[in-house]
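# Structure assessment
Here is how the chains run, residue by residue.
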Amino acid sequence: MAFKEFGQHIIFQPQTPFGFKEGNLLQTQLAAVLPERHKLWVIDMTHVDFIDSSGLCALVRGLKAARMLGCRLVICNLPATARLIFEITQLDKAFEIFDSFDDILATEKELLIA
């Protein structure tokens, strides 16, 4: 799984299928995030067209960990097939989901202005 650092943001890019193996890899990488350095955790789902319950559980655990550390975890570039899984499980209500990384940056700018 690739990840990039972008200022105070860290971007994770899981691959498909996003299941047990990728979920565990994401968990390991999220656990290594330094909350004082990275306040925004972005999960870029561009390369994920299938996600199973293990992958969903990893994301939920990541969301919980981010919140406990005072960080924000968001999802972007969610393909239609994966978005449907989020809607069916109603996890689209738990996560902030954006169409693109640029949309996330726009909300960050709005938060700074407010």
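The following paragraphs examine the structure supplied in this document.

About the thresholds
Residues numbered from 1 in each chain as written. Predicted model: local features only at pLDDT ≥ 70, side-chain atom pairs only at ≥ 80, totals over all residues. Heavy atoms only, no water. Helix = DSSP H or I, 4+ residues; strand = E, 2+ residues; numbered from the N terminus. Buried < 20%, exposed > 50% of the residue type's maximum accessible area, 1.4 Å probe, protein only. Contact = heavy atoms within 4.5 Å. Axes fitted to C-alpha atoms, helices over the stretch in contact; angles between N-to-C directions. Parallel < 35°, antiparallel > 145°, perpendicular 65-115°, else oblique. Left-handed = near helix turned anticlockwise from the far one by under 90°. Nonpolar A, V, L, I, M, F, W, Y, C, P; charged D, E, K, R; others polar. Salt bridge = Lys/Arg side-chain N within 4 Å of Asp/Glu carboxyl O.

Within the secondary structure, Leu26 is located in helix α1 (residues 20-31). Separated by 45 residues in the primary sequence, Leu26 and Cys71 have C-alpha atoms spaced 16 Å apart.

Once that is clear, we can look at the environment of Phe50. Note that Phe50 resides in the loop between β3 (40-44) and α2 (53-68). Judged by relative accessible area, which is 42%, Phe50 ranks as partly exposed. Discounting chain neighbours no more than four positions away, the residues touching Phe50 are Thr16, Pro17 and Phe18.

A word on the packing of α1 against α2. The interhelical angle for the contact between α1 and α2, taken along N-to-C directions, is 15°, at an axis separation of 7 Å. By the angle class used here, α1 and α2 are roughly parallel. Between α1 and α2 lies a crossing whose hand is left-handed. Across from Phe20, Gly23, Leu26, Gln27 and Leu30 in α1, the residues of α2 making contact are Ser54, Ala58, Leu59, Arg61 and Gly62. Of the residues assigned to the contact of α1 with α2, the class counts are five nonpolar, four polar and one charged.

In this section: the side chain of His9. Inspection of the secondary structure puts His9 in strand β2 (residues 9-13). A relative accessible area of 11% places His9 in the buried class.

With that settled, the discussion passes to the pattern of salt bridges. Taken as a whole, this structure holds two salt bridges when the rule is applied. Note that Glu96 and Arg72 form a salt bridge whose closest N and O atoms lie 2.7 Å from each other. With a gap of 24 residues between them, Glu96 in strand β5 (residues 96-98) and Arg72 in strand β4 (residues 72-76) connect regions that are remote in the sequence. The exposure class assigned to Arg72 is buried, which follows from its relative accessible area of 16%. Among the ionic pairs, Asp99 bridges to Arg83, the shortest N-O distance being 3.3 Å. Of this pair, Asp99 sits in the loop between β5 and α4 (101-113) while Arg83 sits in helix α3 (residues 80-88); the two residues are 16 residues apart in sequence, bridging distant segments of the chain. By relative accessible area, Asp99 is classed as exposed at 58%. On the basis of relative accessible area, Arg83 is assigned to the partly exposed category, the value being 26%.

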